[in-house]
Amino acid sequence: MSGDSMTPLRPDAPVVLEMSHISKTFGAVNALGDVSISLRQGEVLALVGDNGAGKSTLIKILSGFHHADSGSIRLKGEEIRFNSPRDARAKGIETVYQDLALIGDLSIYHNMFIGREQHRRVLWVNLLDNDRMRGLARSYLDTLGISIPDVNARVDMLSGGQRQCIAVARSIYSSPSILVLDEPLAALGVRESAHVLGLIQNLRRQRQVSVILIVHNYSQIFAVCDRINFLHAGEIVLDTPTSDTTEEELIRIVRSGLNSRAAGAAESGAEPAAGRE
Amino acid sequence: MAPVRAAQAVGDAPAGRLDRRAPQRLVALLSRYREASIAAVAVVLVIYFQFGSGGQFLSASLLSVVLRDTGRLALVAAGEVMLMITGEIDLSVSGSFSIAPYMMVLMSIGWGVPLAVGALIGVALGVLVGFVNGIITVRLRIPSLITTVGTLFLLQGIVVSVYNSQPVIAPVQEPFNAIFGENLFQPPDRLLSWHGVTAFTPFLWAAAVMGVLALVLHRTTFGLHTIATGSNIIGAREIGVSTDRVKICNFMIAGGCAAFAGIINTAQFASADPQAGSPLLTLQAIAAAVIGGTSLLGGSGTVVGALIGAFVVATLNNGLVMVGAQATVSDIYLGLAIIAAMILSVQLDRFRTRRRR
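Residues numbered from 1 in each chain as written. Chains lettered and ligands numbered in written order. Predicted model: local features only at pLDDT ≥ 70, side-chain atom pairs only at ≥ 80, totals over all residues.

**Student:** Kindly report on the overall build of chain B, identifying the contributing residues and their values.
**Tutor:** On a plain count of helices and strands, chain B comes out with 15 helices and two strands. Put simply, of all contacts in chain B between residues at least 6 apart along the chain, 76% involve residues at least 24 apart. (Helix = DSSP H or I, 4+ residues; strand = E, 2+ residues; numbered from the N terminus. Contact = placed C-beta atoms within 7 Å.)

**Student:** Can you lay out the overall build of chain A for me, pointing to particular residues and giving the numbers?
**Tutor:** Counting its secondary structure elements, chain A contains eight helices and 12 strands. The proportion of buried residues among the 277 residues of chain A is 47%. A sequence separation of at least 24 residues applies to 71% of the contacts in chain A between residues at least 6 apart. (Buried ≥ 20, exposed ≤ 12 C-beta atoms within 10 Å, placed from the backbone.)

**Student:** Go over the sheet that holds strand S2 (residues 29–40) of chain A with me, naming the residues and quoting the values.
**Tutor:** Residue and element names in this part refer to chain A. Pairing is antiparallel in the open sheet, where four strands are placed in the order S2-S1-S4-S5. The open sheet has two edge strands with one neighbour each: S2 and strand S5 (78–80). Pairwise comparison of adjacent strand axes, ignoring direction, gives a mean angle of 25° for this sheet. Pairing analysis gives three bridges linking strand S4 (residues 70–75) to S5, with the strands arranged antiparallel. (Pairing = 2+ DSSP bridges. Axes fitted to C-alpha atoms, helices over the stretch in contact; angles between N-to-C directions.)

**Student:** Explain helix H6 (residues 190–207) of chain A residue by residue, including any values.
**Tutor:** All names here are of chain A. Its 18 residues give H6 an end-to-end C-alpha distance of 25 Å, which sits within 8% of 26 Å, the value for a rise of 1.5 Å per residue. Within H6, burial applies to Glu192, Ser193, His195, Val196, Leu197, Leu199, Ile200, Gln201 and Arg204. Each element contacted by the buried residues of H6 is listed here: strand S3 (44–48), helix H5 (160–173), strand S10 (210–214) and helix H7 (218–224). One or two steps after H6, the chain reaches glutamine 208, where phi turns positive at roughly 55°. (Expected span 1.5 Å × (residues − 1).)

**Student:** Describe the packing of helix H9 (residues 201–219) of chain B against helix H14 (residues 303–322) of chain B, and please don't skip the residues or the numbers.
**Tutor:** All names here are of chain B. Direction vectors running N to C along H9 and H14 enclose 150°, while the axes themselves pass 8 Å from each other. Classified by the interaxial angle, the pair formed by H9 and H14 is roughly antiparallel. Contacts from Ala206, Ala207, Met210, Leu213, Ala214 and Leu217 in H9 reach Val303, Val304 and Leu307 in H14. Among the residues forming the contact of H9 with H14, the class breakdown is nine nonpolar, no polar and no charged. (Parallel < 35°, antiparallel > 145°, perpendicular 65-115°, else oblique. Nonpolar A, V, L, I, M, F, W, Y, C, P; charged D, E, K, R; others polar.)

**Student:** With reference to specific residues and values, describe helix H13 (residues 279–291) of chain B.
**Tutor:** Residue and element names in this part refer to chain B. Along its 13 residues, H13 runs 18 Å from first to last C-alpha, staying within 8% of the 18 Å computed at 1.5 Å per residue. Three or more residues of H13 are buried, namely Leu281, Thr282, Gln284, Ala285, Ile286, Ala287, Ala288, Ala289, Val290 and Ile291. Immediately beyond the C-terminal end of H13, within one or two residues, lies glycine 293, with a positive phi of roughly 110°.

**Student:** An account of the packing of helix H3 (residues 60–85) of chain B against helix H12 (residues 243–269) of chain B is requested, with residue identities and associated values reported.
**Tutor:** To characterise two packed helices, one gives the angle between the axes of the helices and the distance between these axes. Residue and element names in this part refer to chain B. Between H3 and H12, whose axes approach to 7 Å, the crossing angle comes to 175°. Between H3 and H12, the interaxial angle falls into the category roughly antiparallel. Contacts between H3 and H12 pair Arg72, Leu75, Val76, Ala78, Gly79, Glu80, Met82 and Leu83 from the former with Asn250, Phe251, Ile253, Ala254, Gly256, Cys257, Ala258, Phe260, Ala261 and Asn265 from the latter. Of the residues in the contact of H3 with H12, the class split is 12 nonpolar, four polar and two charged.

**Student:** Quick one: what's the story with the sheet that holds S10(A), residue by residue and with numbers?
**Tutor:** Residues and elements named next belong to chain A. Taken together, the six strands give an open sheet; going across it, the order is S6-S9-S10-S3-S11-S12, and neighbouring strands pair in mixed fashion. Single-partner strands in this sheet number two, and they are strand S6 (93–96) and strand S12 (235–241). Geometrically, the sheet is characterised by an average inter-axis angle of 15° between neighbouring strands, direction not taken into account. Where S3 meets S10, four bridges bridge the pair, whose relative direction is parallel. From the neighbouring strand, leucine 47 faces S10, where its bridge partner is isoleucine 214. Of the strands in this sheet, S6 and strand S9 (178–182) touch H5, which is tilted by about 180° from S6.

**Student:** I'd like to hear about the interface of chain A and chain B, residue by residue, with values.
**Tutor:** Chain A puts 36 residues into the contact, and the matching count from chain B is 31 residues. For the side of chain A that touches chain B, the secondary-structure elements that each account for two or more residues are helix H2 (85–90), strand S8 (125–128), H5 and H6 of chain A. Top element by residues in the side of chain A that touches chain B is H6(A). It accounts for four residues. Of the residues that constitute the side of chain A that touches chain B, the class distribution is 16 nonpolar, 11 polar and nine charged.

**Student:** Describe the nonpolar core, listing the residues and the values that go with them.
**Tutor:** Membership of the largest hydrophobic core comes to 172 residues, with the highest contact counts inside it found for Leu213(A), Ala74(B), Val76(B), Ala77(B), Ala78(B) and Ala288(B). The element that contributes the greatest number of residues to this core is H12(B), accounting for 15 residues. Other than its neighbours up to four places away in sequence, Val76(B) contacts Val93(B), Phe97(B), Cys257(B), Ala258(B), Ala261(B), Leu281(B) and Ala285(B). (Core = buried A, V, L, I, M, F, W, Y, C linked by C-beta atoms within 7 Å.)

**Student:** Report on the confidence of the model for chain B, specifying residues and quantitative values.
**Tutor:** Per-chain confidence: chain B averages 82 in pLDDT, with 85% of residues scoring 70 or above. Long-range and interchain partners of residues 1–18 of chain B, a stretch whose pLDDT sits below 50, account for 31 contacts in this model, where long-range means more than four residues apart. (pLDDT = per-residue confidence, 0-100.)

**Student:** Can you explain unusual backbone geometry? Please cite residues and give values.
**Tutor:** Residues and elements named next belong to chain A. Positive phi, close to 50°, is recorded for histidine 21, a residue that is not glycine. With respect to the helices, strands and loops of the structure, histidine 21 is situated in strand S1 (residues 15–26). Phi is positive for serine 175, which is not a glycine, with a value near 50°.

**Student:** Talk me through the environment of Gln326(B); I want residue IDs and the actual numbers.
**Tutor:** Assignment of secondary structure puts Gln326(B) in the loop between H14 and helix H15 (330–356). For Gln326(B), a count of 9 C-beta atoms within 10 Å corresponds to the exposed category.

**Student:** With reference to specific residues and values, describe the pairing of S1(A).
**Tutor:** Residues and elements named next belong to chain A. Of the pairings in the sheet, the one linking S1 to S2 comprises eight bridges and is antiparallel in character. The partner of isoleucine 22 across the bridge, within S2, is valine 35. Relative to S4, S1 runs antiparallel, the two sharing five bridges. Bridge pairing in S4 places serine 20 opposite serine 72.

Below is the structure:
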């Protein structure tokens with residue numbers, strides 16, 4: 001694993017993202033209470049928490065898919081408001097969703113470029129430049145060391161691991177300043193996981209990309225993350241640098257944190273996600 | 001870092017096992033080129049009717065009728081295919097088919113509006129109907145099946161009540177009629193003559209519109225987003241596709257195509273009949289789309305397939321009479337054809353899914 005090659009976060013790294021006092025309800029369900037997180041340049045932040053803790057909701061607000069009921073988002077000091085995921089992508093925030101957001105009926109290369117299609121002007125109309133997109137997708141996937149039989153293949157035909165690789169590749173293609181990954185390793189084998197974690201490390205080392213990572217596997221967190229935010233029942237209950245804690249301690253904190261809140265949150269039978277996979 | 005071998009070669013069979021996998025390959029081929037399989041069906045039908053009718057089917061007089069019907073149906077089906085790919089459906093297309101030419105003719109008679117201008121207004125009306133269908137479906141979250149049943153009755157009611165349900169003789173204005181559907185064909189004419197070509201006007205317009213729509217579907221961002229919307233609507237939204245806008249635009253395309261088809265129909269018969277666009281036309285257009293390989297579940301569909309599907313429907317409608325069947329029997333075969341097409345489509349989809357696992 002790439003734990004030994006981990007470069008420490010520069011102490012003077014500026015804060016690039018601040019989400020303050022974010023709340024969100026879906027009908028009667030209170031998904032997020034009052035959540036604030038911040039992210040520094042080149043930082044890899046782990047977002048952990050049980051199923052239904054609000055992790056996905058939080059990152060979908062950041063990606064422009066959901067709108068927060070209240071709270072504010074500041075990107076590099078500037079207050080922003082996203083009306084759609086396209087706005088967020090235009091601002092350099094790329095997201096790999098848990099469901100991957102791949103279009104099964106489209107080819108790999110169309111999936112790579114959907115939302116930022118390459119065009120060729122023929123007469124007065126902008127037509128898709130399929131040859132260009134095909135070539136770019138093929139060479140980019142090669143550069144990343146992701147071997148895919150044929151970029152013309154429909155995504156429906158791919159295995160779970162292959163899809164995940166495509167989704168991650170798509171998100172980093174445009175050199176985002178902030179990369180959000182919702183369980184990017186869930187369907188990957190050991191080698192593929194190591195590879196994707198290596199990609200994340202490279203991005204952060206070479207391009208100072210900031211990453212928010214939702215993972216359930218705690219050893220992966222300690223391999224790549226600088227800081228851990230623990231989300232429980234719509235609140236951040238723990239915010240600690242990875243260097244200040246250990247895997248065992250984190251598991252203990254998460255367990256006890258769950259137990260102390262279990263009565264109030266009525267989450268009986270909820271298992272901490274530690275040690276799964 | 002070593003390259004990840006996340007990839008298993010898809011469809012790379014060793015040459016030795018080719019024979020055993022031949023049937024699977026055939027199915028794979030059919031699932032990829034659905035147009036080819038439906039075209040084969042069309043050819044078989046034509047051969048059958050040609051022999052069954054003692055060589056009457058491939059005559060100029062009958063082909064001109066079959067291709068006229070094909071054109072009318074294909075135009076309506078073309079817009080329907082685009083909409084069906086987004087996962088929605090429009091049952092009100094026959095309403096637009098009736099109301100657009102009716103309005104064109106009444107404006108011409110009543111206010112002296114030139115047919116060409118009236119036609120533009122008619123198509124705009126069809127687009128507007130599509131827009132209303134789209135807004136109601138997307139913004140108010142009414143299933144399109146229900147929305148468009150409502151607008152279907154609404155439009156039909158308006159057309160019937162406006163002029164006491166009477167067909168109106170349409171004025172003939174050149175070159176409008178020559179361009180949009182004039183039929184000079186008479187039985188002794190040869191098919192490959194100017195008069196023969198005029199019999200194909202609706203077909204030629206349908207082919208032209210379908211060419212444009214096929215280009216839009218496969219070569220533009222809008223087409224890509226149309227497929228994405230029907231294939232995985234949540235994923236499409238997550239990646240920034242404005243699925244609502246895509247759906248509304250395709251409702252407008254469906255309405256516009258149907259209105260245009262109605263106008264061509266009126267130009268050809270020089271009459272605007274409030275009953276011309278019966279709900280049966282909608283159902284036949286949907287049948288043409290489905291037989292042509294468009295999924296009712298969205299995500300996949302082919303405009304070219306719909307043209308061949310329309311030809312199959314028109315051939316069944318006209319050919320069965322030629323081989324001596326009662327006109328009413330053709331619906332039985334059409335029904336069986338639709339069910340067979342759906343079974344084939346579902347089985348091919350299942351095959352595709354199995355390959356994935």
